[in-house]
Amino acid sequence: ALFAEREPATRVLTGSSAEEAIGLLQVVVFDVIVCDFHLPGLDGLGLLKKAQGIQRETPLVLLTGYGDRELEPAAALKGVYAVLHKPVDPVVLLSVVKRSALRKRARRDPVQTALAVSSEDACRDRIQAMNERIVKVMEEADEERPPRAH
């Protein structure tokens, strides 16, 4: 609904699992893949590995509801374009999707590369700052929460 409202020219296809997404990747060329880290079957990084074998140049944006600081560097090393922590600001999600698609297109068109890089850097800085705030709030909430009885 977000893309239909704000980016009506954008076509969105969804899959209910990593395996379904892999099937779509085999028949449709995507500008961007957006997926949750926790999926039925393969997780988001498993999907990334499969996607890289099918559509190597297609960027992957990973969403997570867990304040795991170690996920971001691990995901970056594996080629994830961005990790966004839930709840995701719709404006940030749209911006990341647009920037990652622009980056993919810029690789095919060197004239756009400088624009893509400067926009991507600004977007990445904004996302990093937001993710750090979200992780901090989650850590503070964990500290305030009484321990669970087992």
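As shown above, the structure is provided for reference.
The structure contained in this document is the topic of the report that follows. (Residues numbered from 1 in each chain as written. Predicted model: local features only at pLDDT ≥ 70, side-chain atom pairs only at ≥ 80, totals over all residues. Heavy atoms only, no water.)

**With respect to unusual backbone geometry**
Logical step 1: Between Lys86 and the following residue, Pro87, the backbone shows a cis peptide bond with an omega angle of 0°.
Logical step 2: Residue position: Pro87 is located in the loop between β3 (82-85) and α5 (90-108). (Helix = DSSP H or I, 4+ residues; strand = E, 2+ residues; numbered from the N terminus.)

**Re the pattern of salt bridges**
Logical step 1: Summed over all chains, the structure comprises one salt bridge.
Logical step 2: As a salt-bridge pair, Lys86 and Asp36 come within 2.3 Å of each other at their nearest N and O atoms. Placement of the pair is Lys86 in the loop between β3 and α5 and Asp36 in strand β1 (residues 33-36), with a sequence separation of 50 residues.
Logical step 3: Accessibility expressed as a relative area gives 34% for Lys86, which makes it partly exposed. (Salt bridge = Lys/Arg side-chain N within 4 Å of Asp/Glu carboxyl O. Buried < 20%, exposed > 50% of the residue type's maximum accessible area, 1.4 Å probe, protein only.)

**So, the environment of Leu62**
Logical step 1: With respect to the element layout, Leu62 can be found in strand β2 (residues 60-64).
Logical step 2: With 19 residues separating them in the primary sequence, Leu62 and Tyr81 have C-alpha atoms 7.9 Å apart.

**Some words on helix α4 (residues 71-78)**
Logical step 1: Among the residues making up α4, those that are buried are Leu71, Glu72 and Ala75. End-on view of α4: buried residues confined to an arc of 95°, all on one side of the axis.
Logical step 2: In the stretch just after α4, Gly79 is the one whose phi turns positive, near 105°. (Arc of directions from axis to C-beta.)

**Side note on the nonpolar core**
Logical step 1: Counting residues in hydrophobic clusters, the biggest one holds 19 residues, and the most contacted among them are Leu45, Leu47, Leu60, Leu62 and Val80.
Logical step 2: Elements that contribute at least two residues to this core include exactly α2 (18-25), β1, α3 (44-54), β2 and α4.
Logical step 3: Not counting the four nearest positions on each side in its chain, Leu47 is found in contact with Ala18, Ala21, Ile22, Leu25, Ile33, Cys35, Leu39 and Leu42.
Logical step 4: In terms of nonpolar packing, the next biggest core, distinct from the first, is built from 16 residues, Val92, Val97, Ala101 and Ile134 among them. (Core = buried A, V, L, I, M, F, W, Y, C linked by side-chain atoms within 4.5 Å. Contact = heavy atoms within 4.5 Å.)

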